[in-house]
Amino acid sequence: MTTPAIEAHDLTKHFGDLVAVDHLSLSVARGEIFGLLGRNGSGKSTTVRMLTTLLRPTSGTATVAGYDVYTRPNDVRRSSGVTLQDPALDPNMSGREHLTLIGRLLLLGKRKAASRADELLVAFGLSGAADRRIGTYSGGMQRRLDIATALFSRPPVLFLDEPTTGLDPQSRRALWDEIHLLRAGGTTVLLTTQYLEEADQLADRIGVIDGGKLIAGGTPRELRAEHGLRTVTLPGEHHAPTVAAAVTTGPVTARDGLTTVEVRPDASLDEALAQIRSVIGSLDGVSVTSASLEDVFVHLTGRDINSAPARRNEGAAA
Amino acid sequence: MRLLETSAGPVAAVFRRSVREGLRDPGPALFLPVLPPLLLVIAMTSLFGRLGGVIEFPTGSFEEFFIPGAILIVAIAGGGFTSAQVAEDLRSGFMDRLRLQVPNPRSLLLGRYGFEAIRIIPGIAIVLGTGLLFGGALPNGLPGALTISVLAMLLSAAYASLFYIAAIITADPQTPLNLNPLGIIIAFLSTAFIPRAAMPDWADAVAGFNPMTVIVDGARAAMIGDLTSRTVVAAFAVAAAGVVLGMAASGAVLTRKLSRG
């Protein structure tokens, strides 16, 4: 059996009385894109900082690329690249100076560092701005440079902490393409996001984190199937109590010329349709709407993803 | 040995970055440390040259006594220039980025210590040259000048550690700058400007414990006394110990800060 690229068991982080991450366990296979989905303050960044050795866990265990974050932190750092929530760049340096500095810190010779810097500047479309001050770069360019930095040593594991926050839709799409390319090249990616669409588009599997706890996980399809309500819409306003008396899969409402029947995740859609047919006689004009990831998130956490962070996590567990 | 191998590259890279920062902003990095001692040399030798007749200076003249002290003030004035960037790196998260690339976070400070030592070389040359024009003496010639320069460079690095510690603890680029008045106290409560015999008892007692006194006395001996004397050796020992202790303390504070996230 292949060792997972990232594995955590009961990972916990306390900041004083605050429990930022609470017994979080996850496993990410090699070559997989795993999305950690949660609101601001849910513990995503704290999790990334622990997995990348920037923060010592209070308890629990974790390995990255097979290396223990406690006992082999240097190997973890050598095997992984990281972009943090805000691009970690010196605005007074040029893109080329920045990447060359990273290469030199990684003990590459002057020529090798410069050559790898050039390679990354081209790959990330920054060669035209290579000698400009980073402070003059757009948000998208800074984020691309940040990711290029994380990839300098060609790490097998990449952590991207909210990589597209603050980017315009075009830059966001471009970054998604780059992340897909990285995965195609065999890189394992753990990305945190508060954008449902991003998790849906990018991640092979998603972990939903709330209040520092991982409360659900699976492929987007599995999450929808397990936690999402489906909605059956019937043409015409039927007598809701009559329909409700026959249908046991979820609540029934009738208004604005339509009747809707909700089908709970644990109920069978086929059963619901059969019950509806028994009441109204036919399924002509009936439509079924699958749950969105947003529906799943609301179902799991009781709030939408843009709502204010839970009070317990304010501040420290960004 | 392994630690040395893995640290040398990062130290050199951070040193080069500090040099670039210094050249980008040469005023505070290279020339600000010159102004206070230069003004002191001009003002003190012009105004207090006759103090030699009032206070007994071991060197004979006030000017000869005062110039070595003024040269060491270059190491203290504008101290810790690079500490503001350390604080900024911490605040912006860039330090985390750098930390992820190196096995030992202490190596991220060592290169900066190196720059703190060399950035005062132009200042030393200017103050030494001006001091000689205003009545200073350099009977030990170039060896004497080199010795006092190295002592000043060591003092600059040791003194910078206080600024690094403040910068790391607060992650605020402004805070270390507020420490600058400390240099005045350290200098006045040492033998930089007047001999201990001329100080009030309480100041004499403080000066006796002030490491700056040992370094200034050594610098003075290197410039106009016996270059191979114990006083010079003691000055090197104290200055080098200051650098080592400062590096250890600031490295420990940085490591602790980074591990706390």
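Refer to the structure printed above.
Notes on the structure follow. (Residues numbered from 1 in each chain as written. Chains lettered and ligands numbered in written order. Predicted model: local features only at pLDDT ≥ 70, side-chain atom pairs only at ≥ 80, totals over all residues.)

1. Quick word on the overall build of chain A
A tally of regular secondary structure across chain A gives 11 helices and 14 strands. Judged by the C-alpha coordinates and their principal axes, chain A covers about 80 × 45 × 40 Å. Of all 318 residues assigned to chain A, the portion counted as buried reaches 44%. A separation of at least 24 residues holds for 68% of the contacts in chain A among residues at least 6 apart in sequence. (Helix = DSSP H or I, 4+ residues; strand = E, 2+ residues; numbered from the N terminus. Buried ≥ 20, exposed ≤ 12 C-beta atoms within 10 Å, placed from the backbone. Contact = placed C-beta atoms within 7 Å.)

2. Structural notes on the interface of chain B and chain A
At the interface, 18 residues of chain B touch 21 residues of chain A. Elements supplying a minimum of two residues to the side of chain B that touches chain A: helix 1 (2-24) and helix 6 (94-99) of chain B. Sort the elements by how many residues they give to the side of chain B that touches chain A and helix 1 of chain B lands first, with six residues. Taken together, the residues that form the side of chain B that touches chain A break down as seven nonpolar, seven polar and four charged. (Nonpolar A, V, L, I, M, F, W, Y, C, P; charged D, E, K, R; others polar.)

3. Quick look at the sheet that holds strand 14 (residues 287-289) of chain A
Residues and elements named next belong to chain A. Judged by pairing direction, the sheet is antiparallel, and its four strands sit side by side in the order 12-13-11-14 without closing on themselves. Edge strands, defined here as strands with exactly one partner in the open sheet, are strand 12 (252-255) and strand 14. For this sheet, the mean inter-axis angle between neighbouring strands, taken without regard to orientation, is 20 degrees. As paired elements, strand 12 and strand 13 (residues 258-263) share four bridges and run antiparallel to each other. If you follow R255 over to strand 13, its bridge partner there is L258. (Pairing = 2+ DSSP bridges. Axes fitted to C-alpha atoms, helices over the stretch in contact; angles between N-to-C directions.)

4. Some thoughts on the pairing of strand 3 (residues 33-37) of chain A
All names here are of chain A. In terms of burial, strand 3 is a largely internal element, five of the five residues being buried. Every second residue of strand 3 is oriented toward a common face, with I33, G35 and L37 on one face and F34 and L36 on the other, all of them buried. Pairing between strand 3 and strand 8 (residues 188-193): five bridges, direction parallel. Across the sheet, I33 pairs through a bridge with V189, a residue of strand 8. Relative to strand 9 (residues 205-210), strand 3 runs parallel, the two being bridged by four bridges. Across the sheet, the residue bridging to F34 is R205, located in strand 9.

5. Things to note about the nonpolar core
I71(B), L72(B), V74(B), A152(B) and I215(B) are the most contacted members of the largest nonpolar core, which totals 159 residues. Counting residues per element, this core draws most heavily on helix 9 (residues 141-170) of chain B, which supplies 17 residues. (Core = buried A, V, L, I, M, F, W, Y, C linked by C-beta atoms within 7 Å.)

6. Some thoughts on helix 11 (residues 293-301) of chain A
All names here are of chain A. For helix 11, the set of buried residues is L293, D295, V296, F297 and T301. Residues of helix 11 that are buried make contact with helix 7 (196-202), strand 9 and helix 8 (220-227). In the segment just after helix 11, G302 is the residue with positive phi, at about 85 degrees.

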